[in-house]
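# Examination of the molecular architecture
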Amino acid sequence: MLTHIVVWKYRADVEQAVREEHVARLRRLASIIPEVESLNVGFDVVLLPRSYDTGLVATFRDRAALDVYIVHPEHILVADMGRNISDHVFSVDFAAED
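Residues numbered from 1 in each chain as written. Predicted model: local features only at pLDDT ≥ 70, side-chain atom pairs only at ≥ 80, totals over all residues. Heavy atoms only, no water.

## Comments concerning the environment of L56
The residue L56 is located in strand β3 (residues 54-60) in this model. Taking C-alpha positions, L56 is 12 Å from V78, a pair spaced 22 residues apart along the chain. Filtering out sequence-adjacent residues up to four positions away, L56 remains in contact with H4, I5, V6, W8, L26, L39, N40, V41 and Y69. (Helix = DSSP H or I, 4+ residues; strand = E, 2+ residues; numbered from the N terminus. Contact = heavy atoms within 4.5 Å.)

Right, here's the structure in full:
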């Protein structure tokens, strides 16, 4: 299994409705892209100064499945949206240990 984690720090001027649309579009990816084994996304609830606004955790069978997800047209659209409304976007991908 491969775990894919992404966090977004939205620009201060981005309205809540736009943030909610971003999260809704991210959630839909699980039903659109069959290579997604699991996908969880949501808004930060702790609200610490170091916190990011939204986080996503997705799992994939292997690197090939992640690669299909990365280039899928729906993922590209929502990834572009996230970059356009954020000051920072970070990700990490790692293999789960057995």
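Next, the rest of the story.
## Some points on the packing of helix α1 (residues 16-32) against helix α3 (residues 73-84)
Two elements in contact, α1 and α3, have axes whose closest approach is 10 Å; the angle formed by their N-to-C orientations is 160°. Regarding the angle of α1 to α3, the classification is roughly antiparallel. Considering only the axes of α1 and α3, their crossing is left-handed. Note on element contacts: α3 touches α1 through E74, H75, L77, V78, M81 and G82, opposite V18, E21, H22, R25, L26, L29 and I32. A breakdown of the residues in the contact of α1 with α3 according to their chemical character gives 7 nonpolar, 3 polar and 3 charged. (Axes fitted to C-alpha atoms, helices over the stretch in contact; angles between N-to-C directions. Parallel < 35°, antiparallel > 145°, perpendicular 65-115°, else oblique. Left-handed = near helix turned anticlockwise from the far one by under 90°. Nonpolar A, V, L, I, M, F, W, Y, C, P; charged D, E, K, R; others polar.)

## A word on the packing of aromatic side chains
Summed over the entire model, instances satisfying the criterion amount to 2 aromatic pairs. Note on Y52 and F90: the rings are 5.8 Å apart at their centroids and 65° apart in plane angle, and the pair reads as edge-to-face. With Y52 in the loop between β2 (36-43) and β3 and F90 in strand β4 (residues 86-95), this pair connects stretches of sequence that are 38 residues apart. The partly exposed category is assigned to Y52, whose relative accessible area is 24%. Its relative accessible area of 45% is what places F90 among the partly exposed residues. A ring pair is formed by F60 and Y69, whose centres lie 4.8 Å apart and whose planes are at 50°; its orientation type is tilted. An identical accessibility class is assigned to F60 and Y69; each is buried. (Phe/Tyr/Trp six-rings, centres within 6.5 Å; stacked < 30°, edge-to-face > 60°. Buried < 20%, exposed > 50% of the residue type's maximum accessible area, 1.4 Å probe, protein only.)

## Description of the layout of surface pockets
There is about 230 Å³ of room inside the largest pocket. Lining of the largest pocket is provided by 15 residues; of these, V6, W8, H75, A79 and R83 occupy positions nearest its centre. Looking at the lining of the largest pocket, the elements with two or more residues in it are β1 (2-10), α1, α2 (63-71), α3 and β4. In terms of residue count, α3 provides more of the lining of the largest pocket than any other element does, 4 residues in total. For the lining of the largest pocket, the per-class residue count stands at 9 nonpolar, 4 polar and 2 charged. (1 Å grid on protein atoms, 1.4 Å probe; cavity = no way out; pocket = protein on both sides within 12 Å on 5 of 7 lines; lining within 4 Å. Points joined across faces, edges and corners; volume = space filled by probe spheres on them.)

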